[in-house]
Amino acid sequence: MAAAVEAPVPAEQDSALCGSEGETRGAEVEEKSQPQTGSTGPAVPHSRLSKLPLARIKALMKTDPDVSLASQESVFIIAKATELFVEMIAKDALVYAQQGKRKTLQRKDLDNAIEAIDEFAFLEGTLD
């Protein structure tokens, strides 16, 4: 299984992505609604595959004194892993919200998911 990878996004474009999340998501919606023409492969840069602002993630990564440089690929992987983690914990918390006949996640739903699922054991006590 081979994945097509496009060239990294130039720094000028990357810094433009750190605007509001609504702007980035709006661009994604527009692209999804447009029909795709017959191209040979997916020509989508990393920034369009991620829902989180890559420039901010890169800045957060650089706050670690051990990190001096962060490649576009590493920033993208961290962003994707973060998205998947948030999605997973939100889905697990949603089960508890639905048990309470609610559609809105509350803190107690996250607490219940963290306590019930062993994968989230490292988060115990973080919401206190």
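No experiment lies behind these values; they were computed from the predicted model shown. Every chain begins its residue count from 1, and numbering advances along the sequence as written. Confidence filtering applies because this is a predicted model: local features only for residues at pLDDT of at least 70, side-chain atom pairs given and counted only at 80 or more, and all residues used for totals across whole chains, interfaces and linings. Side-chain numbers here rest on the full set of heavy atoms in the structure, without hydrogens or water.

Remarks on the packing of aromatic side chains
Note the following rule: The aromatic pairing rule takes the rings of Phe, Tyr and Trp, using the six-membered ring of Trp, and pairs them if the centres are within 6.5 Å, calling planes under 30 degrees apart stacked, those over 60 edge-to-face and the rest tilted. Where helices and strands are cited, they refer to DSSP runs of H or I of at least four residues and of E of at least two residues respectively, numbered from the N terminus. Note on classification: 1.4 Å probe, protein chains only; a residue is buried when its accessible area is under 20% of the maximum for its type, exposed when over 50%, partly exposed between these limits.
On inspection of all chains with the given rule, the structure shows two aromatic pairs. Considering the side-chain rings of F85 and F122, the 6.2 Å spacing of their centres and the 40° angle between planes classify their relative orientation as tilted. Of this pair, F85 sits in helix α5 (residues 72–99) while F122 is found in the segment after α6 (107–116), placing the two residues 37 residues apart along the sequence. Judged by relative accessible area, F85 falls into the partly exposed class, the value being 29%. Through pairs of rings, three or more aromatic residues link up here, namely F85, F120 and F122.

Some points on the side chain of S50
Selection rule: Here a polar contact is recorded for every N or O atom pair within 3.5 Å, except that within protein the pair must consist of a potential hydrogen donor and a potential acceptor, and residues adjacent in sequence are included only if both atoms are side-chain atoms.
Tracing the sequence through the fold places S50 in the loop between α3 (46–49) and α4 (54–62). Overall, the relative accessible area of 0% leaves S50 in the buried class. One polar contact links the side chain of S50 to the main-chain carbonyl oxygen of L52, over a distance of 3.2 Å. A polar contact is formed between the side chain of S50 and the side chain of E83, at a distance of 2.9 Å.

Describing the pattern of salt bridges
Stated precisely, the cut-off is as follows: Think of a salt bridge as a Lys or Arg side-chain nitrogen and an Asp or Glu carboxyl oxygen that are within 4 Å of each other.
All told, the structure shown has four salt bridges when counted by the stated rule. Linking R107 and D111 is a salt bridge whose minimum nitrogen-to-oxygen distance equals 3.8 Å. With R107 and D111 both in helix α6 and four residues apart, this pair spans about one turn of that helix. Using a relative accessible area of 45% as the deciding quantity, one classes R107 as partly exposed. Its relative accessible area of 24% is what places D111 among the partly exposed residues.

What about unusual backbone geometry?
Negative phi values dominate among residues other than glycine, just as trans dominates among peptide bonds. Positive phi values are uncommon outside glycine, yet K101 reaches one of about 55°. One can find K101 in the loop between α5 and α6.

Quick notes on the nonpolar core
To be explicit about the condition: Definition of nonpolar core: a set of buried residues of the types Ala, Val, Leu, Ile, Met, Phe, Trp, Tyr and Cys, connected through side-chain atoms within 4.5 Å. Between two residues, a contact is recorded if the distance between any of their heavy atoms is within 4.5 Å.
Counting six residues, the largest nonpolar core consists of L54, I57, M61, A70, V75 and A79. Among the secondary structure elements, those contributing two or more residues to this core are α4 and α5. The greatest single-element share of this core, amounting to three residues, is contributed by α4. When residues no more than four places from it in sequence are discounted, the contact partners of A79 are S50, L52, L54 and I57.

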